[in-house]
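Listed below are the residues making up each chain.
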Amino acid sequence: PTSAFTNAFTNAKAGMEGVDREMVKRVVHDMSVNSAHFATESRKEAAVEAKILAMKKRAASIRPSALATIKAAVDDRVARMEASRDLTKTWVHVDMDSFFASVHILERPELRDVPMAVGGMSMISTANYAARKFGVRSAMPGFIAKKLCPQLVFVDSDFAKYKHYASLTREVFKEYDPQFDAGSLDEAYLEISAYCAGKSMTPADVAEALRREVREKTKLTCSAGVAPTRRLAKVCSDANKPDGQMVIEPTRDAVAALLSSLPVRKIGGVGKVLDRTLAAFGIATCGDLLRERALVVALFSEVQSDFLLGVAIGVGGEARPARPPGWAPQRKSLSQERTFAPTADARALAAKIAALAEEVAAGLARENLLTRTVTLKMKRADFEVAQRQTSLPRPTNDAQTISDAALRLFRGEKNTHGSLRLLG
DNA sequence: ATACATACC
DNA sequence: CACTGGTATGTAT
């Protein structure tokens with residue numbers, strides 16, 4: 001049978017309406033099926049299936065009486081969450097439309113109407129809408145994209161450019177919410193209730209104005225979602241892409257109406273694995289999640305069931321993260337990794353490790369940081385990943401110290417690593 | 001503290 | 001021919 005991961009590139013995505021999903025699925029499968037990558041993905045897939053099977057056994061062993069007890073407790077939890085529901089905040093999630101691709105089009109307008117992707121034969125990061133019509137999309141290997149669309153043009157990424165345009169968008173965001181939260185180069189969360197009140201504008205009008213201003217300042221389009229929580233705002237920004245917006249009215253009923261049929265996979269934080277796990281229990285939508293809340297609590301950890309119950313009723317992510325004055329984002333890790341033609345040459349691999357250590361050390365120095373832990377990441381030629389970590393006696397940003405630590409980890413693996421395709 | 005998996009863009 | 005790179009976080013041990 002076709003492994004489910006080969007469906008990864010056929011999910012509905014903005015600009016992919018009308019794509020022959022079966023054809024795309026077949027091409028992706030045919031291009032991959034004999035690869036080492038496919039074999040490893042299939043093995044991981046099997047591990048997920050095994051985990052799901054174990055969960056199903058556990059679910060089957062739950063006595064109806066136990067489930068009834070859980071149900072009462074869950075309803076109590078849901079009631080408490082419900083009591084904490086806050087509909088007074090107005091969150092906007094702004095998401096630039098195919099950002100990287102659009103930036104290149106800005107400087108080379110002729111690329112607008114030819115299928116184009118940022119990246120290369122190995123991997124593409126974004127595709128323009130002309131390419132999406134062929135089923136080409138983010139995170140698809142370029143050689144598969146090229147099979148789907150032989151006339152596809154590749155453009156090299158240019159992060160300096162993206163950062164420039166991102167800073168222009170942020171100038172705009174700042175006007176609407178000085179404390180806006182930039183998730184990445186191409187998106188941000190803004191809380192605009194104060195702005196709306198101050199200007200006597202509706203959230204929908206503010207979102208329109210913001211998008212117009214972004215377009216004027218950058219010549220790029222974006223989409224926006226407006227909702228009482230960040231989580232829901234993000235769902236909405238995706239709903240009318242490109243160059244569109246969607247508003248959820250800040251009422252319990254409006255939220256419930258949207259959630260009742262919303263696929264759980266649309267929620268940020270629900271990825272492929274959680275989606276499939278839930279699907280195994282007949283849970284496809286947030287409505288299903290609410291209906292099966294007792295089962296969810298019985299099967300998932302406290303952290304996950306808290307998250308999932310919040311998802312089910314649309315509560316969570318309404319408060320601005322508490323940040324003391326002068327707060328600046330603190331990175332928790334800094335890394336460099338590189339893929340290369342697979343090799344088992346220990347000297348060549350050691351040289352790569354030393355070079356990566358140099359880069360990491362330079363990064364630490366640039367940001368005035370020290371590290372106490374060093375992690376070596378190895379991906380074998382067959383795509384199996386292994387990580388080895390060590391703690392240093394004291395914090396450092398010295399390239400030699402980091403390199404030595406990584407090389408010790410590497411030598412400790414000597415008998416097992418064989419041929420590698422990536423080091424980090 | 002360590003290893004690995006998952007998720008996001 | 002060819003399946004990324006960077007960061008955060010959850011889970012298990």
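Residues numbered from 1 in each chain as written. Chains lettered and ligands numbered in written order. Predicted model: local features only at pLDDT ≥ 70, side-chain atom pairs only at ≥ 80, totals over all residues. Heavy atoms only, no water.

Looking at an unreviewed UniProt entry, one finds chain A named DNA polymerase kappa, with Micromonas pusilla as its source organism. The UniProt entry for chain A carries the following text under Catalytic activity (unreviewed entry): "DNA(n) + a 2'-deoxyribonucleoside 5'-triphosphate = DNA(n+1) + diphosphate". (UniProt positions renumbered as here; feature names shortened; annotations may be inferred.)

Caption draft 1: Geometry of the overall build of chain A. Counting secondary structure elements, chain A contains 18 helices and twelve strands. Expected size for 424 residues packed as a compact globule is a radius of gyration near 22 Å; at 24 Å, chain A falls within 12% of this value. Judged by the C-alpha coordinates and their principal axes, chain A covers about 65 × 60 × 55 Å. Per-residue burial over chain A gives 42% buried out of 424 residues. Of all intrachain contacts in chain A linking residues separated by at least 6 positions in sequence, the fraction that spans at least 24 positions is 64%. Of note, chain A has its 62 positive side-chain charges centred 5 Å away from the centre of its 49 negative side-chain charges. (Helix = DSSP H or I, 4+ residues; strand = E, 2+ residues; numbered from the N terminus. Rg over C-alpha atoms; globule rule 2.2 N^0.38 Å. Buried < 20%, exposed > 50% of the residue type's maximum accessible area, 1.4 Å probe, protein only. Contact = heavy atoms within 4.5 Å. Lys, Arg positive; Asp, Glu negative; His and termini not counted. Charge placed at Lys NZ, Arg CZ, Asp CG, Glu CD.)

Caption draft 2: Quick look at the packing of helix 16 (residues 346-366) against helix 17 (residues 399-412). Axis separation between helix 16 and helix 17 bottoms out at 8 Å; the angle between their running directions is 140 degrees. Viewed along their axes, helix 16 and helix 17 adopt a mutual orientation that is oblique. Handedness of the helix 16/helix 17 crossing: right-handed. For the pair formed by helix 16 and helix 17, the contact residues are Ala346, Leu349, Ala350, Ile353, Ala354, Ala357, Glu358, Ala361 and Leu364 on the first element and Ala399, Ile402, Ser403, Ala406, Leu407 and Phe410 on the second. The residue inventory of the contact of helix 16 with helix 17, partitioned by class, reads 13 nonpolar, one polar and one charged. (Axes fitted to C-alpha atoms, helices over the stretch in contact; angles between N-to-C directions. Parallel < 35°, antiparallel > 145°, perpendicular 65-115°, else oblique. Left-handed = near helix turned anticlockwise from the far one by under 90°. Nonpolar A, V, L, I, M, F, W, Y, C, P; charged D, E, K, R; others polar.)

Caption draft 3: The arrangement of the domain arrangement of chain A in detail. Here the domain parsing of chain A yields domain 1 (39-84 + 251-320), domain 2 (91-98 + 160-249) and domain 3 (338-423). Once you take the C-alpha centre of each, domain 2 and domain 3 turn out to be 39 Å apart. (Domains from an automatic or database assignment.)

Caption draft 4: Geometry of the pattern of salt bridges. On inspection of all chains with the given rule, the structure shows 33 salt bridges. Residue Glu49 is joined to Arg276 by a salt bridge in which the shortest nitrogen-to-oxygen separation is 2.0 Å. Of this pair, Glu49 sits in helix 2 (residues 36-60) while Arg276 sits in helix 12 (residues 272-279), and the two are 227 residues apart along the sequence. The residue Glu413 makes a salt bridge to Arg388 at a minimum N-O spacing of 2.7 Å. (Salt bridge = Lys/Arg side-chain N within 4 Å of Asp/Glu carboxyl O.)

Caption draft 5: Spotlight on helix 15 (residues 302-313). In this model, helix 15 (twelve residues) spans 17 Å end to end at C-alpha, consistent with the 16 Å of a helix rising 1.5 Å per residue. Within the span of helix 15, buried status applies to Ser305, Leu308, Leu309, Gly310, Val311, Ala312 and Ile313. Downstream of helix 15 by a residue or two, Gly314 has a phi angle that is positive, lying close to 80 degrees. (Expected span 1.5 Å × (residues − 1).)

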